[in-house]
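Given next are the chains, with one letter for each unit.
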Amino acid sequence: MKAVERAKLVRSLRQESRRLRLLVLVIGFFLVTLTFVVLSKPDALLFNLNGRLSVDDAPRSLLIRQATDATAGADPDQRSAAAAAAAQDPKVLDDFEDAEANTKGTTKDSEERAHTVRDPQQSAKKGPEPRLLGTSGGEGEKKGHRKVTLPTVSNYTIRDAEDGDNAKPQQGSKPETENKLEMVAGKGDGSQQQGNWDNAEWESKPLCDFSNFRANVCEMRGNIRIHPNASSVMYMEPASSKRNELWKLKPYPRKGDELCLSKVTELTVKSSKVAPECTKYHNVPVVVFALTGYTGNLFHDFTDALVPLFTTASEFNGEVQFLITDMAIWWTRKYHVVFKKLSNYPLIDFNKDTDVHCAKHAIVGLHAYMEFTIDPSKAPHNYTMVDFNRFMRRTYELPREAVSALGEIPKAKPRLLIISRQRTRMFLNLPEIIAMAEGLGFEVVVEEANVSSDLSQFSKVVNSVDVMMGVHGAGLTNCVFLPHNATLIQIVPWGGIEGVCRIDFGDPAEQMGLRYKQYSIAVHESSLTDQYPLDHEIFKNPLAFHKGFEFIKETFMDKQNVRLDCNRFKPVLLQTLDLLNQ
């Protein structure tokens, strides 16, 4: 009997042991899950516990109203403490509209497009900061009064600057700046070296730089709200800040060209202590720019949009969000491979968007310099046109990186691409030019470049040649697809426009690592001789007709064709052959 009882006891102990182990596993799993939830999303947990909305259920309206009647029944000391706390919170206002009016009133003299930034110290001398209603005595302290809380990013995922410095982290959770919207060129690795947005350098810098003659650019790091419906970008300031900036700009790099900019949406960039509620968050930098103006012309597509966009955004290695004002869908489709290479995120149409976008890093406008060029001394990471040329070849997956020397016995003929035109600045003797070039040993390819050209195919043709030539015009912009050390030959029409031609294509070609030749036609090579007698002023003193670009364009570009003198032009092609042998 003892043996039987002992066996029963053993079995009973084993069952109890299994139950105990199962209980330990269940409790352990629960503790691990709870720890994970607290550490990974403390805000959502806390908001649900205290009755506020979770991040996913956050309302899309601009304001969340909260009653403060609860403080009415408290004793006077408690009400005073509550009032003092409210006075230190710039997000609690008596009335949102009145606060906006106050803010606008202090910046009424800043409504011009380009103006000088006020020094914070000077602003302090001129007068007190705009009073935030509800931060002092008066009607705001009457019993039963309802206050308006303006939710900021700190309500959900981003801490305000003062919170990051003064607020105590909640027990058992990491500071928000370590978990939310880490903005290290798009890397969410929590790097403190690059992730510290509230550093003194950025706080002391003006929000915008209007010193560039070509483009106005605003760059901000901190608590930023982008509100397309209001065409505004707001840099949120702590309550103690005396900064009071307001800028107006059109984010298209044709500064001073009123005709061009008349089509571009104007944006307001300002510092503020009041902001709408965030409805969309970006953990990567945001770049806001325009796609109208002169885009649609191949040259302006590059000099006004693609080159500045590369200069501004390529440093982020795809981790950047584009918000585009005045966006043309057909244009973004034409250059979709470029956008795909520069950004890993879908394009956002600024004019049709209704969200309030929140980010820690924003750039409004694009960095642009001279025509169709990059200034390495000013560009981020000292980018050059060689970098842009390489970027375009790799974006369109072009096979040739550089031109190979022909050698004494070439294995293949050098290829010459002639860019033809059909309406203005046409070659009137194209068959004669082709025959002359083929007689010198070139394999000649003739193509027309226009707005409807399929760039994916046309770029492959350009990349396959060693030399490209054409009369001054947008078609020469395709030189961006030429391999390194290829040669560009620009034919300059009559009219004393050598300087313009050099700036538009000569300097950019050389900066891209291309060889460049410029050929200015003589009077007898111009079709203007069919319109004017040889003793006309247009031939004796063409500079007298330089009465503005539109007049030059109409006289020397839109009404002129070229009858190339092959004997006069032949030495240029011979020099080009010598370059190909080097």
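The name that an unreviewed UniProt entry assigns to the protein is Glycosyltransferase 61 catalytic domain-containing protein, with the source organism given as Aegilops tauschii subsp. strangulata. According to its UniProt record, the protein has this under Pathway (unreviewed entry): "Glycan metabolism." Quoted straight from UniProt, the Subcellular location (unreviewed entry) entry for the protein says "Golgi apparatus membrane".

A. A look at the state of the cysteines. Taken as a whole and assessed by the stated rule, the structure comprises 2 disulfides. Covalently, C208 is tied to C218 through a disulfide, its sulfur atoms 1.9 Å apart. The disulfide joining C208 to C218 has a torsion of about 100° about its S-S bond and is therefore right-handed. Taken as a pair, C208 in strand 4 (residues 208–209) and C218 in strand 5 (residues 217–227) lie far apart in primary sequence, 10 residues in all. The residues C208 and C218 share a single accessibility class, namely buried. Across the disulfide from C278 sits C358; the S-S distance is 1.7 Å. Between C278 and C358, the S-S dihedral sits near -90°, and the bridge is therefore left-handed. In this pair, C278 sits in the loop between strand 8 (267–272) and strand 9 (280–281) while C358 sits in strand 13 (residues 357–364), placing the two residues 80 residues apart along the sequence. Each member of the pair, C278 together with C358, is buried. The connectivity of the disulfides in the protein is 1-2, 3-4, where the numbers refer to bonded cysteines in sequence order.

B. Quick look at unusual backbone geometry. One non-glycine residue with positive phi stands out, namely N317, at about 55°. Mapped onto the elements of the fold, N317 is located in the loop between helix 11 (298–313) and strand 11 (321–325).

C. How the structure looks around a nonpolar patch on the surface. A surface patch of nonpolar side chains, about 680 Å² in accessible area, is lined by L20, L23, V24, I27, F30, L31 and L34. With respect to the helices and strands, L20 occurs in helix 1 (residues 2–40). By relative accessible area, L20 is classed as exposed at 54%.

D. Summary view of the environment of F545. Note on placement: F545 falls in the loop between helix 18 (537–540) and helix 19 (549–557). Separated by 11 residues in sequence, F545 and F556 place their C-alpha atoms 9.2 Å apart. Look past the residues within four positions of F545 in its chain and what remains in contact with it is H536, E537, I538, F551, I552 and F556.

E. Expanded view of a positive patch on the surface. A grouping of K8, R11, R14, R18 and R21 is seen on the molecular surface, where their side chains present a positively charged patch. Relative to the elements of secondary structure, R11 occurs in helix 1.

F. Structural context of helix 14 (residues 385–395). For helix 14, every residue scored as buried is listed here: M385, F388, N389, F391, M392, R393 and T395. Elements in contact with the buried residues of helix 14: helix 11, helix 13 (336–342), helix 16 (455–463) and helix 17 (498–511). Put simply, T384 is the residue that caps the front of helix 14, since its side-chain oxygen is 3.3 Å from the backbone nitrogen of V386. Note on helix 14: the residue one or two positions beyond its end, E397, has a positive phi of about 55°.

G. Representation of the environment of I224 in the model. Tracing the backbone through its elements, the reader meets I224 in strand 5. Judged by relative accessible area, which is 0%, I224 ranks as buried. On a C-alpha basis, the gap between I224 and E237 in space is 9.4 Å, while along the polypeptide they are 13 residues apart.

H. Highlighting the packing of aromatic side chains. Enumeration according to the criterion identifies 19 aromatic pairs in this entry. Between F302 and F372, the aromatic rings sit 6.5 Å apart at their centres with planes inclined by 70°, giving edge-to-face as the arrangement. In this pair, F302 is assigned in helix 11 and F372 in the loop between strand 13 and helix 14, connecting sequence segments 70 residues apart. One exposure class covers both F302 and F372, and it is buried. The ring centre of F551 lies 5.4 Å from the NZ or CZ of K547, which sits over that ring.

I. A look at the pattern of salt bridges. All chains considered together, the criterion is met by 19 salt bridges. Note that D466 and R400 form a salt bridge whose closest N and O atoms lie 2.9 Å from each other. Residue D466 is located in the loop between helix 16 and strand 16 (467–471), and its partner R400 is located in the loop between helix 14 and strand 14 (415–420); the two are separated by 66 residues in the primary sequence. In this structure D466 comes out as buried when scored by relative accessible area, which is 8%. A relative accessible area of 21% places R400 in the partly exposed class. With a closest N to O distance of 2.7 Å, E443 and R415 form a salt bridge. On the criterion of sequence distance, the pair formed by E443 in strand 15 (residues 443–448) and R415 in strand 14 is long-range, its members being 28 residues apart. Overall, E443 belongs to the partly exposed group, its relative accessible area being 35%.

J. Quick peek at the pairing of strand 5. Strand 5 sits mainly inside the fold: 10 of its 11 residues count as buried. Bridge analysis of strand 4 against strand 5 gives 2 bridges, and the strand direction is antiparallel. Its bridge partner being in strand 5, C208 is matched across the sheet by C218. Bridge count between strand 5 and strand 13: 7 bridges; the pairing is antiparallel.

Cut-offs applied
For every chain, the first residue of its written sequence is number 1, and the numbers climb from 1 along that sequence. Given that this is a predicted model, residues contribute local features only at a pLDDT of at least 70 and side-chain atom pairs are listed and counted only at 80 or more, while totals for whole chains, interfaces and linings are drawn from all residues. Processing note: side-chain calculations cover all non-hydrogen atoms of the structure and skip hydrogens and water entirely. UniProt positions are given in the numbering used here, feature names are shortened, and annotations may be inferred rather than shown by experiment. Only a pair of cysteine sulfur atoms within 2.5 Å counts as a disulfide in this structure description. Each helix is a run of DSSP H or I of at least 4 residues and each strand a run of E of at least 2, with the numbering of both proceeding from the N terminus. Throughout, exposure labels follow a simple rule: accessible area from a 1.4 Å probe, protein chains only, divided by the maximum for the residue type, with under 20% read as buried, over 50% as exposed, and the rest as partly exposed. Residues enter a patch when their relative accessible area is above 30% and they make no salt bridge; the linking distance is 9 Å between like charges and 5 Å between nonpolar side chains (Val, Leu, Ile, Met, Phe, Trp, Tyr). Here, Shrake-Rupley sampling with a 1.4 Å probe gives the accessible areas, and only protein chains in the shown set may cover a residue. One speaks of a salt bridge when a side-chain nitrogen belonging to Lys or Arg is within 4 Å of a carboxyl oxygen belonging to Asp or Glu. For this analysis, residues touch if any pair of their heavy atoms sits within 4.5 Å. Asp and Glu count as negative and Lys and Arg as positive, but His and the ends of the chain are not part of the count. Charge positions are represented by NZ for Lys, CZ for Arg, CG for Asp and CD for Glu. Polar contact is defined as a pair of N or O atoms within 3.5 Å, subject to the rule that within protein one atom must be able to donate a hydrogen and the other to accept it, and that residues adjacent in sequence are counted only when both atoms are side-chain atoms. Think of it this way: a Phe, Tyr or Trp ring, Trp meaning its six-membered ring, pairs with another when their centres are within 6.5 Å, and the plane angle makes it stacked under 30 degrees, edge-to-face over 60, tilted otherwise. Distance and angle both matter: a charge sits over a ring if NZ of Lys or CZ of Arg is within 6 Å of the ring centre and within 35 degrees of the ring normal. The pairing criterion is simple: DSSP has to find at least two bridges between the two strands.

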